[in-house]
Amino acid sequence: MNVQRGLYSISDNFFSFWYRFVFPNLSKLEAGDIDGVYECSVKPFIDSYASKAFENVCIQFLRKMNARASPPKKKGSEGPVEPVLGMFNDIWQGNIMHAIVAG
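I will try to describe carefully the structure that is included in this document.

## As for the overall build of the protein
Working step 1: A count of helices and strands for the protein gives six helices and zero strands.
Working step 2: The order of α-helices and β-strands along the protein, N terminus first, is α-α-α-α-α-α.
Working step 3: Intrachain contacts of the protein at a sequence separation of at least 6 include 35% that bridge at least 24 residues.
Working step 4: Surface exposure of the protein reaches about 8,700 Å², of which carbon and sulfur atoms provide 58%.

Below, the structure is given as structure tokens:
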């Protein structure tokens with residue numbers, strides 16, 4: 001019997017965060033051990049988790065740009081380089097609200 005198994009992942013970042021960090025520690029969080037949960041279960045893994053989420057946001061953005069037939073171009077060529085780079089810089093520096101409003 002040839003059975004193929006699929007690999008599934010949660011595409012919504014909020015739910016992904018919830019099921020990765022909150023749900024497995026729900027009883028500890030309800031008991032008030034917020035700092036302990038953060039130090040042991042969140043802090044060691046948040047960088048790799050956030051980098052994957054950021055990568056997914058970038059992929060979605062590039063797909064939308066490609067669908068518009070105006071993908072980001074190399075610096076020095078004509079096109080929407082500065083707004084695109086500015087938006088990514090805002091997100092990278094943690095100013096996501098500026099990126100959303102300005103972008």
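## Comments concerning the pattern of salt bridges
Working step 1: Going through the model one piece at a time under the given rule, you end up with one salt bridge.
Working step 2: For Glu39, the salt bridge is made with Lys43, and the minimal N-O distance between the two is 3.9 Å.

## Re the packing of aromatic side chains
Working step 1: The tally for this structure, following the rule as stated, stands at five aromatic pairs.
Working step 2: Seen from their ring centres, Phe17 and Phe21 are 5.0 Å apart, and the 45 degrees between their planes marks the pair as tilted. With Phe17 and Phe21 both in helix H1 (residues 13-22), this residue pair falls four residues apart, about one helical turn.
Working step 3: Residue Phe17 is classed as partly exposed on the basis of its relative accessible area of 32%.
Working step 4: Under the relative-accessibility criterion, Phe21 is labelled buried at 2%.
Working step 5: One aromatic cluster in this structure is built from Phe17, Phe21 and Tyr49.
Working step 6: It is Arg20 that lies over the ring of Phe45; its NZ or CZ is 4.9 Å from the centre.

Cut-offs applied
- Residues numbered from 1 in each chain as written.
- Predicted model: local features only at pLDDT ≥ 70, side-chain atom pairs only at ≥ 80, totals over all residues.
- Heavy atoms only, no water.
- Helix = DSSP H or I, 4+ residues; strand = E, 2+ residues; numbered from the N terminus.
- Contact = heavy atoms within 4.5 Å.
- Areas by Shrake-Rupley, 256 points an atom, 1.4 Å probe, with all protein chains shown as cover.
- Salt bridge = Lys/Arg side-chain N within 4 Å of Asp/Glu carboxyl O.
- Phe/Tyr/Trp six-rings, centres within 6.5 Å; stacked < 30°, edge-to-face > 60°.
- Buried < 20%, exposed > 50% of the residue type's maximum accessible area, 1.4 Å probe, protein only.
- Lys NZ or Arg CZ within 6 Å of the ring centre and 35° of its normal.

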